[in-house]
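# Working through the structure, step by step
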Amino acid sequence: MAEGGQFREGLAARIARFDREGARQAAGLAEVERQQVLTSFPLEGWEKLKLEQYALGPDGRRSGLSFCRLMEYGTDNFGSIRGGSAAKHIIFQHRSGQWRVVPSLLNGLEVEAAWIQVRSEFVTAFDAAQKGEYDPLDDLESLSYGQALTTKALAVYFPGVFLPIFSAEHIRHFTALLGGRPRAYSSGVRTWRANRELLDLLREYEEFRGWSPYELMDFLYTFHNPRPHDRVIWKIAPGERASLWDDCLRNSRIRIAWDEVGSLVQYESDQELKAALDQQWPHSTGGNLRLARQLLAFRDLELGDLVVANRGKSEVLAVGTVVGGYAYDSAAQTHLHTVGVDWDTSYAQIFDAPRHAWQQTLAKVPATLMREIRHGRGRYDDAVKHGWIGDTDRAGEVDVAEKVAAVRGAELPDDELPDDVRKVRDLLEHKGQVVLQGPPGTGKTRLALNVALALAGRGDLIEATPAERAAGLAELSAVPEPANGDGKTGQPEKPQEARAARLTMVTFHPSYGYEDFVEGFRPDTAADGAGLHLKMKDGVFLRVCAAAKDAPDDIFLIIVDEINRGDLPRILGELITLLELDKRGSVSITLPTSGRQQTVPPNVRIIGTMNSADRSVGHIDSAIRRRFAFLDVTPDLDSLDGEVEGLGLASLLEGLNERLGTQFGPDHLLGQSYLLSDDRPLATAEQLSYAFYHEIVPLVTDYCLGRPDMLGVVLGDMVDGRTGQVVQTNPRDLPGMLAKVFVTAGTVETSDDDGASGTPQWGED
């Protein structure tokens, strides 16, 4: 009997609120779909099923409907297995016409021989399930490469003994909720076995007697949805100047172009899709990789995700909820990539200023902008009434002050914190210490400081003005006055060595040592008299530990900038043992210098930053590496939502990084901060000229190690072929020159504004 304390608490009340009649109606639709599968692919026909009848092809133009296509695209009501590539179908036909066989144990076989093996395992699985013998299923190795598909097939043919839940992650979530086998143990369990175990757990509840598996599934997702509530929100333009909006609104969907690459389910990685984009648009120098990632994100939108439909850079048409997975609608003439969306037009509004990042068809919507969109809900009618539609200056005067007041001064809900901040915070909770690693200029230190604000409950300051943000960080960094004595009560003051701020920043360097970070004898500047006077003093880490022990409800964060520039084994010493979370507050060690017993409180956190392009630093000790979580911080092109003299800054950086990555690898890219000023994109040609010639060029030159030929490969026509020197030009001419080198020759600018369209466009000067 499962304990399931968390699940059982309030169960009766949830059942009372549950729309069981609605679930039964939905189950009826699911049954219609199930019967379609049984009619098209009867169980007794599997022994002679042909590969072409089974497999998923590159698009929907094949005659008839394959089993895999019906399972992925024709039975959503029964349960979705959409998302990800076609590899989950075990064998599928690639867009090139070639057949792909996923299981490694079938490598080397002709595709027909591989299909015979896979078909045999399906038949064996169905026979075993028909006899009520489920253990043999775990021995079917080929099917283990398509566990979601296999589990759904079993649920279709044997609906009473399987739940219509096919995500291994979701099944484990529900199983843990009901007190089933621990996640660490169940991670090696096949999805079909875990599915049946979950159903058995539910059957143990008297309250669910007589419920169908579909009703049980609906109940679990209604009240215990495992899908994250903080997924990225995407802005998606419905065609050029929203030309497809009426169709999208009427048919509850969103459509985008790039039809030439075929169905996106064929692609197993961003690099594979980039190669297809490169083949179709060979002049691209950098935008295709970013575009590939955006297209795959579009393909993998999940039920419940939010999307924003826009027209131009300033108008929101609606906010939608994803209700159907990705499909490639080959029956349409254009914009064949579709996702089902339930639109809410009450969010329609006009921004007070254009969003340059919205020039592209797909763009991420930051949490702050989504708050603004939510706050402006229902105000479109007012704008229409006063004739402000299309007049962005007048529309912005409506409620700017009210918007600002609404998004500042209050602690942010968890789902409105930036995604990267939540990710680092979660890693800290799991590991205790994190290293942020990445190329220069990617905002590693800024991200660490944002996490500090979030841990202190001041997430509202993350996107505040520079002055407000700096004031909040200064408050966190201030060492408090002594709390246990004021000279009047007779109580002694806490010594300075025992006090520390909630946020402490240090920078490691070759001469930084154990004495600075932990403890050691240091010169006593207060001593008088002749000779050298040394005094035992606590280092930064011990002071933070002492303060954390006195305030167990607060999180104390140490940010170590350039963590890999110090000799970490020497700096941390024996305290490396205590950094593991399971030893926090319970295990103590004896400090060799002072002889004191020391523990590390559980409310101490460490974030280190590491420049991955710094060749002067050595390898991090493996014992230390095991105690830190590592997170790659990559260039954030979405933050560069601006342009200078028509040059898109995101496109410039993407094109430059494409060349740097090709020549030097991913550690030697450039981050977005080189094109930011006061946290905003550069706005003038003079600012761009300064950043390019005085920050970007010196760094690229250092990467090239004085080799003018390599410098010419990276910077192209910006380097004089005769002298090997970087060409100097008037700031007003620089944007055009940079566009010719890094953008117009290739970066994909996909726009629904200013004459651009939802398909790749390039300029040729």
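Being a predicted model, the structure only gives us computed values, none of them experimental.

### Quick notes on the overall build of the chain
Scanning the chain from terminus to terminus reveals 29 helices and 22 strands. By residue count, 51% of the 765 residues in the chain fall in the buried class. Nonlocal contacts in the chain, meaning residues at least 24 apart in sequence, comprise 69% of its contacts between residues at least 6 apart. Of the roughly 34100 Å² of accessible surface on the chain, a fraction of 48% belongs to carbon and sulfur atoms.

### As for the packing of helix H6 (residues 111–130) against helix H7 (residues 147–157)
Packed helices, taken two at a time, are described by their axes: the angle between them and the distance between them. Where H6 contacts H7, the two axes come as close as 11 Å, and the packing angle between them is 45 degrees. Judged on the interaxial angle alone, H7 and H6 are oblique. Pair H6 / H7 crosses with right-handed handedness. Here Phe122, Ala125, Phe126 and Ala129 of H6 lie close against H7, whose contacting residues are Leu149, Thr150, Ala153, Leu154 and Tyr157. A breakdown of the residues in the contact of H6 with H7 according to their chemical character gives eight nonpolar, one polar and no charged.

### Here we look at the sheet that holds strand E18 (residues 629–632)
One key point about sheets: their strands pair by backbone hydrogen bonds, in either a parallel or an antiparallel sense. Taken in spatial order, the five strands of this open sheet run E11-E14-E17-E10-E18, and their pairing is parallel. Here the strands that pair on one side only, and so sit at the sheet edges, are strand E11 (503–507) and E18. Pairwise comparison of adjacent strand axes, ignoring direction, gives a mean angle of 20 degrees for this sheet. Relative to E18, strand E10 (residues 433–438) runs parallel, the two sharing four bridges. Across the sheet, the residue bridging to Val435 is Phe630, located in E18. Those strands touched by helix H19 (residues 419–431) are E10, strand E17 (604–611) and E18, and its axis lies near 140 degrees from that of E10.

### Regarding the pattern of salt bridges
All told, the structure shown has 40 salt bridges when counted by the stated rule. A salt bridge links Asp538 to Arg596, with the shortest nitrogen-to-oxygen separation between them at 2.5 Å. Here Asp538 is found in strand E13 (residues 534–538), whereas its partner Arg596 is found in the loop between strand E15 (589–590) and strand E16 (597–598), with 58 residues between them in sequence. Taking relative accessible area as the criterion, Arg596 reaches 35% and is therefore assigned partly exposed. Through salt bridges that share partners, Asp247, Arg250, Arg253, Arg255 and Asp329 make up one connected network.

### Quick word on the nonpolar core
Within the largest apolar cluster, 108 residues are counted, with the highest numbers of intra-cluster contacts made by Phe7, Trp46, Tyr54 and Phe67. The leading source of residues in this core is H6, at nine residues. For Phe7, the residues in contact, after removing those within four places along its chain, are Arg14, Leu177, Leu178, Leu202, Tyr205, Phe208, Phe219, Leu220 and His224. If you look at the next biggest cluster of nonpolar residues, it comprises 40 residues, including Leu647, Leu682, Leu738 and Phe742.

### What to know about the side chain of Thr504
For Thr504, the position within the fold is in strand E11. Those residues within four positions of Thr504 in sequence are excluded, and the remaining contacts are Val540, Val544, Leu557, Ile558 and Ile559.

### What to know about helix H8 (residues 168–177)
When we look at burial in H8, the residues that qualify are His170, Ile171, Arg172, Phe174, Thr175 and Leu177. Following H8 by one or two positions, Gly179 adopts a phi angle in the positive range, close to 80 degrees.

### Topic: helix H28 (residues 708–715)
Among the residues of H28, those classed as buried are Met710, Leu711, Val714 and Leu715. End-on, the buried residues of H28 take up no more than an arc of 120 degrees, which puts them together on one face. Along its buried surface, H28 packs onto helix H26 (649–664), helix H27 (685–704) and helix H29 (734–742).

### Comments concerning the packing of aromatic side chains
Two aromatic rings are characterised by how far apart their centres lie and by the angle between their planes. Going through the model one piece at a time under the given rule, you end up with 32 aromatic pairs. On the numbers, 6.4 Å between centres and 80 degrees between planes, the contact of Phe7 with Phe219 is edge-to-face. Remark: Phe219 occurs in helix H11 (residues 213–223) and Phe7 occurs in helix H1 (residues 5–8); sequence separation between them is 212 residues. Ring geometry for Phe208 versus Phe219: centroids 5.3 Å apart, planes at 70 degrees, classification edge-to-face. You can see Phe208 sitting in the loop between helix H10 (191–203) and H11 and its partner Phe219 sitting in helix H11, a full 11 residues away along the chain. Across the pair, Phe219 and Phe208 agree in class, each one buried. By way of ring pairs, the aromatic residues Phe41, Trp46, Tyr54, Phe67, Trp115, Phe122, Phe126 and Tyr157 are connected into one cluster. The ring of Phe7 has Arg14 lying over it, and the distance from NZ or CZ to the ring centre is 5.3 Å. Over the ring of Tyr134 we find Arg196, and its NZ or CZ is 3.8 Å from the ring centre.

What counts and what doesn't
Residues numbered from 1 in each chain as written. Predicted model: local features only at pLDDT ≥ 70, side-chain atom pairs only at ≥ 80, totals over all residues. Heavy atoms only, no water. Helix = DSSP H or I, 4+ residues; strand = E, 2+ residues; numbered from the N terminus. Buried < 20%, exposed > 50% of the residue type's maximum accessible area, 1.4 Å probe, protein only. Contact = heavy atoms within 4.5 Å. Areas by Shrake-Rupley, 256 points an atom, 1.4 Å probe, with all protein chains shown as cover. Axes fitted to C-alpha atoms, helices over the stretch in contact; angles between N-to-C directions. Parallel < 35°, antiparallel > 145°, perpendicular 65-115°, else oblique. Left-handed = near helix turned anticlockwise from the far one by under 90°. Nonpolar A, V, L, I, M, F, W, Y, C, P; charged D, E, K, R; others polar. Pairing = 2+ DSSP bridges. Salt bridge = Lys/Arg side-chain N within 4 Å of Asp/Glu carboxyl O. Core = buried A, V, L, I, M, F, W, Y, C linked by side-chain atoms within 4.5 Å. Arc of directions from axis to C-beta. Phe/Tyr/Trp six-rings, centres within 6.5 Å; stacked < 30°, edge-to-face > 60°. Lys NZ or Arg CZ within 6 Å of the ring centre and 35° of its normal.

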